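Descriptive analysis of the structure
Below are the chains, spelled out letter by letter.
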Amino acid sequence: MSKLVSDQVPSRRQFVQMGLAGAAVSLLTGGMELAFPPTAAAQSTLTPEEALAELMAGNKRFISGQLTSFEHDLAILKQHTVDKQEPFAAVLSCADSRVPVELVFDQSIGHIFVTRVAGNVITPEIIGSLEYGAAVLGVKVILVMGHSGCGAVKATIQGKEVPGQISSLFPHIQPGVDRGGPNLEAAAKANAQIQATLLREASTVIAQLTKDAKVKVVAGYYDLGSGAVELLT
Ligand SMILES: [Zn+2]
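If you're wondering where the values come from, they're calculated on a predicted model, not measured in any experiment.

Within the secondary structure, His111 sits in the loop between helix 4 (101–104) and strand 4 (112–116). Since its relative accessible area comes to 1%, His111 is described here as buried. A distance of 3.2 Å separates a polar side-chain atom of His111 from the backbone nitrogen of Ser108.

Shown next, in the form of structure tokens:
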């Protein structure tokens, strides 16, 4: 992914206008291909594999400090997403403040349908939200993303007394701890994989879309230190 630095490429405003008019923009300028993140109107043209590749390409830009999402004209993006949204991906992440989903994937307004809950666990409300993202909005990929240093997973491993309803999260995360063991990273990764499997199986809507190859559900792990998202298979 190249950043908009060359004067061979259109101005930011021209780019945004072109992006909004077209699909995922790829320009050939002087033999150099410049691929840009998809715009809010881009999802309909992407396959599940392309949508996943777009997310991961954004994460590479994030890691290398070559963010392009802030170069989008936010005012224009907002204007064009007031009445509708066409995100190309959905992400279920933890509520942890160190996991800013759009930033991690270098995406802007209208690009990612985000659901967040401590421990990135599948609940009926989360399933309902992601079904809306997939069946109504047409996202092509759903990423269930755990992360390093997850407090919810850590608390489940420790199993200590906690105030209020915090412990209501534990039964959701326990299968990940059972599979991954007491190591925090292993448990968080196992939890993400288990939640992704749960989503595929518990949602008849998403199960059908997956069967029809219209949506891909994947699990991932975000490393707070490096900023890298690793896909878990
Ligand atoms: Zn967490």
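From this point, things continue past the structure.
It is at 7 Å that the axes of helix 7 (residues 170–180) and helix 8 (residues 184–202) come closest, and there the two elements cross at 125°. Here helix 7 is positioned oblique relative to helix 8, judged by the angle of their axes. For the crossing formed where helix 7 meets helix 8, the hand is right-handed. Across the interface between the two elements, His172, Ile173, Pro175, Gly176, Val177, Arg179 and Gly180 from helix 7 touch Ala186, Ala187, Ala190, Asn191, Gln193, Ile194 and Gln195 from helix 8. Here the residues of the contact of helix 7 with helix 8 are counted per class, giving seven nonpolar, six polar and one charged.

Turning to the coordination of the zinc ion, a few remarks are in order. Looking at the zinc ion, one finds its protein donor set to be Cys94 (SG), His147 (NE2) and Cys150 (SG), positioned 2.0 to 2.3 Å from the metal centre. When the donor residues of the zinc ion are listed from N- to C-terminus, their spacing reads C-x52-H-x2-C. Within this pair, whereas Cys94 is found in the loop between strand 3 (89–93) and helix 4, its partner Cys150 is found in the loop between strand 5 (141–147) and helix 6 (151–158), the two being separated by 56 residues in sequence.

The next subject is the pattern of salt bridges. Under the defined criterion, the tally for this structure stands at six salt bridges. We note a salt bridge from Lys189 to Glu230, for which the minimum N-O separation is 3.2 Å. Of the two residues, Lys189 sits in helix 8 while Glu230 sits in strand 7 (residues 229–232), which places them 41 residues apart along the sequence. Given the relative accessible area of 16%, Lys189 is considered buried. Salt bridges here are not isolated pairs; linked through shared partners, they connect Glu185, Lys189 and Glu230.

All told, the structure shown has one aromatic pair when counted by the stated rule. Ring centres of Phe113 and Tyr132 lie 6.2 Å apart, and the angle between their planes is 45°; this geometry places the pair in the tilted category. Placement of the pair is Phe113 in strand 4 and Tyr132 in helix 5 (residues 124–136), with a sequence separation of 19 residues. Over the ring of Tyr221 we find Lys189; its NZ or CZ atom is 4.9 Å from the centre of that ring.

For the rest of this paragraph, the subject is the pairing of strand 3. Counting buried residues along strand 3, five of its five residues qualify, which places the element largely inside the surrounding structure. Residues Ala89, Val91 and Ser93 line one face of strand 3 and the alternating positions Ala90 and Leu92 line the opposite face, and both faces are buried. Here strand 3 pairs with strand 4 via five bridges, running parallel. Each residue of the ladder has a partner; that of Ser93, found in strand 4, is Arg116. Bridge count for strand 3 against strand 5 is five bridges, and the pairing is parallel. Bridging from a neighbouring strand, Leu92 pairs with Val144 of strand 5.

Taken in spatial order, the five strands of this open sheet run 4-3-5-6-7, and their pairing is mixed. In this open sheet, the two strands that pair with only one neighbour each are strand 4 and strand 7. Direction aside, neighbouring strands of the sheet carry axes that sit 30° apart on average. With seven bridges joining them, strand 5 and strand 6 (residues 216–222) adopt parallel strand pairing. Considered in strand 6, the bridge of Leu143 is made with Val218. Helix-sheet contacts for helix 5 involve strand 3, strand 4 and strand 5, and the interaxial angle to strand 4 is about 175°. Along the sheet, helix 8 contacts strand 5, strand 6 and strand 7; its crossing angle with strand 6, the most-contacted strand, is approximately 165°.

About the thresholds
Residues numbered from 1 in each chain as written. Predicted model: local features only at pLDDT ≥ 70, side-chain atom pairs only at ≥ 80, totals over all residues. Heavy atoms only, no water. Helix = DSSP H or I, 4+ residues; strand = E, 2+ residues; numbered from the N terminus. Buried < 20%, exposed > 50% of the residue type's maximum accessible area, 1.4 Å probe, protein only. Polar contact = N/O pair within 3.5 Å; in protein donor to acceptor, adjacent residues only side chain to side chain. Axes fitted to C-alpha atoms, helices over the stretch in contact; angles between N-to-C directions. Parallel < 35°, antiparallel > 145°, perpendicular 65-115°, else oblique. Left-handed = near helix turned anticlockwise from the far one by under 90°. Contact = heavy atoms within 4.5 Å. Nonpolar A, V, L, I, M, F, W, Y, C, P; charged D, E, K, R; others polar. Donors = N, O, S within 2.8 Å, 3.2 Å for Na, K, Ca; no water. Salt bridge = Lys/Arg side-chain N within 4 Å of Asp/Glu carboxyl O. Phe/Tyr/Trp six-rings, centres within 6.5 Å; stacked < 30°, edge-to-face > 60°. Lys NZ or Arg CZ within 6 Å of the ring centre and 35° of its normal. Pairing = 2+ DSSP bridges.

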